[in-house]
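# Inside the fold
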Amino acid sequence: MAITAALVKDLRERTGAGMMDCKKALSETNGDMEAAIDLMRTSGAAKAAKKSGRVAAEGLVKVNISDDNKTATILEVNSETDFVTKSDDFIGFVNTLGALALKTTPANIEEFMTQTLENGDSLEKAREDIVAKVGENVSIRRVETITTDSGVIGAYKHGERIAVLSVLEGGDEALAKDVAMHVAATRPECVSEEQLDPELLEREKAIFVEQARESGKPDNIIEKMIGGRMKKFVNEVTLYGQAFVKDPDTTVGALAKANNAKVISFIRYEVGEGIEKKEENFADEVAAQMKG
């Protein structure tokens, strides 16, 4: 039987699967629609595809560090509900991916998704399998690797939703962990003022200028006000400028200097950050708040 575009379109609408998956299933079943659906359900493709459009904003973060403490990976895997994140299947899936990430040290998620598991399955196949098991959309969202030859890597996890890796030149693992813990709590934009985006600084300055002018104060006073506000802003968003969470009387920059250390970089993952929920989810939340 000829596999027509209309037939493929019909199967896509009924299963939510991709065009090539639908065409393949129809070819293997000689155009039998019901048989093709059964075939896709058996393989998990239809179930995974049906759920692929649903928002996955819950999940787990995973950190893995090499035995010599010179390489570390950080990974985020998402699910639709917090309930699934507590299941053995999902936790096992995340642990498997974490181990694979440390073994393959990918630079980003695109590189990571080209890897295969020990059983030969692609990560997309493994993702579809876990979708079939847990009954929710699952997304392998992001992964990064950090390495250092002579520096120190610090790691900190706050529950299962926030994870941070830090890299220090000098200092020790305890200090690196303290820095990572601080980053988890305060979410700095970058290490120091030099790393701030000039456009961000200009945008903030423009806002401060308008606010100061509305005060009606003289220009020389306005200039001092802007300088003070910009300094405060920089300290709030840079790691070195922030008051250290364990000792607010000192800044992280001063802490690093006192320990003959320099923070080279950090990576902070928080589950679901930046993921936009669908409009109906927001409506549900507002309705629930109104009832409460």
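Note that the coordinates shown come from a computational prediction; the quantities given were computed from them, not determined experimentally.

As a further point, take the nonpolar core. It is characteristic of soluble globular proteins that their nonpolar side chains tend to be buried jointly. Grouped together as the largest cluster of nonpolar side chains are 21 residues, with contacts concentrated most on V77, F93, L97, F112, V138 and I140. At the level of secondary structure, the elements contributing two or more residues to this core comprise strand 2 (71-79), helix 6 (88-104), helix 7 (109-112), helix 8 (123-134) and strand 3 (139-147). Examining the composition of this core, we find that six residues originate from one element, helix 6, more than from any other. With near-sequence residues (within four places) excluded, F112 lies in contact with L75, L97, L100, A101, T104, P106, L123, I140 and V143. V179, A180, A184 and F266 belong to the second-largest nonpolar core, a separate cluster that totals 18 residues.

Let's shift gears to unusual backbone geometry. You will see that N30, though not glycine, has its phi angle at about 55 degrees, which is positive. Among the structural elements, N30 can be located in the loop between helix 2 (19-28) and helix 3 (33-43). Taking relative accessible area as the criterion, N30 reaches 49% and is therefore assigned partly exposed. Its identity is not glycine, yet N260 carries a phi of approximately 50 degrees, on the positive side. With respect to the element layout, N260 can be found in the loop between helix 12 (252-258) and strand 8 (262-270). Look at N260 and you get exposed, because its relative accessible area is 69%.

Here helix 6 crosses helix 8 at 165 degrees, and the two axes come no closer than 10 Å. The orientation of helix 6 relative to helix 8 falls into the category roughly antiparallel. Read as a crossing pair, helix 6 and helix 8 show a hand that is left-handed. Note on element contacts: helix 8 touches helix 6 through L123, A126, R127, I130, K133 and V134, opposite D89, F90, F93, L97 and L100.

It is worth spelling out the sheet that holds strand 8 at this point. Taken in spatial order, the three strands of this open sheet run 4-5-8, and their pairing is antiparallel. Two strands close off the open sheet at either side, each with one partner strand: strand 4 (152-158) and strand 8. Sheet twist, expressed as the average angle between the axes of neighbouring strands with direction ignored, equals 15 degrees. Where strand 4 and strand 5 (residues 162-169) come together, seven bridges link them in antiparallel fashion. Bridge pairing links G154 to S166 in strand 5. Sheet strands in contact with helix 9 (residues 173-186) are strand 4, strand 5 and strand 8, and its direction is about 40 degrees off that of strand 4.

This part takes up the environment of V77. Within the element layout of this structure, V77 appears in strand 2. Look at V77 and you get buried, because its relative accessible area is 0%. For V77 and G272, which are 195 residues apart along the polypeptide, the C-alpha to C-alpha distance reads 9.3 Å. Residues within four places of V77 in sequence aside, it is in contact with E58, G59, L60, F90, F93, V94, L97, V138 and S139.

Within the secondary structure, E136 is located in the loop between helix 8 and strand 3. Engagement of the side chain of E136 in a polar contact is seen with the side chain of T81, the distance being 2.5 Å.

A few words now on the confidence of the model for the chain. Overall, the predicted model of the chain reaches an average pLDDT of 87, with 87% of residues at or above 70. Low pLDDT, under 50, characterises residues 278-292; the predicted model gives this stretch six contacts beyond four residues in sequence or across chains.

The terminal C-alpha atoms of helix 10 (residues 198-214) lie 25 Å apart, and with 17 residues this matches the ideal 24 Å at 1.5 Å per residue to within 8%. Taken residue by residue, helix 10 has L200, L201, E204, F208, V209 and A212 as its buried positions. Each element contacted by the buried residues of helix 10 is listed here: helix 11 (219-237). If you check the start of helix 10, you find a side-chain oxygen 2.9 Å away from the backbone N of E199, and it comes from D197. Looking one or two residues beyond helix 10, the residue adopting positive phi is G216, at roughly 80 degrees.

The next point concerns the side chain of T85. Mapped onto the fold, T85 is located in helix 5 (residues 82-85). Residue classification places T85 among the buried positions, given a relative accessible area of 5%. Engagement of the side chain of T85 in a polar contact is seen with the backbone oxygen of D82, the distance being 2.5 Å. Residue contacts for T85: discarding those within four places in its chain leaves E58, G59, L60, S79, F90 and I91.

Let us now look at the packing of helix 10 against helix 11. Where helix 10 contacts helix 11, the two axes come as close as 10 Å, and the packing angle between them is 140 degrees. By the angle between their directions, the pair helix 10 and helix 11 is classed as oblique. Of the two possible hands of crossing, helix 10 and helix 11 adopt the one that is right-handed. Judged by residue contacts, L200, L201, E204, K205, F208, V209, Q211, A212 and R213 of helix 10 engage I222, M225, I226, R229, M230, F233 and V234 from helix 11. The class makeup of the residues in the contact of helix 10 with helix 11 is eleven nonpolar, one polar and four charged.

Rules used throughout
- Residues numbered from 1 in each chain as written.
- Predicted model: local features only at pLDDT ≥ 70, side-chain atom pairs only at ≥ 80, totals over all residues.
- Heavy atoms only, no water.
- Core = buried A, V, L, I, M, F, W, Y, C linked by side-chain atoms within 4.5 Å.
- Buried < 20%, exposed > 50% of the residue type's maximum accessible area, 1.4 Å probe, protein only.
- Helix = DSSP H or I, 4+ residues; strand = E, 2+ residues; numbered from the N terminus.
- Contact = heavy atoms within 4.5 Å.
- Axes fitted to C-alpha atoms, helices over the stretch in contact; angles between N-to-C directions.
- Parallel < 35°, antiparallel > 145°, perpendicular 65-115°, else oblique.
- Left-handed = near helix turned anticlockwise from the far one by under 90°.
- Pairing = 2+ DSSP bridges.
- Polar contact = N/O pair within 3.5 Å; in protein donor to acceptor, adjacent residues only side chain to side chain.
- pLDDT = per-residue confidence, 0-100.
- Expected span 1.5 Å × (residues − 1).
- Nonpolar A, V, L, I, M, F, W, Y, C, P; charged D, E, K, R; others polar.

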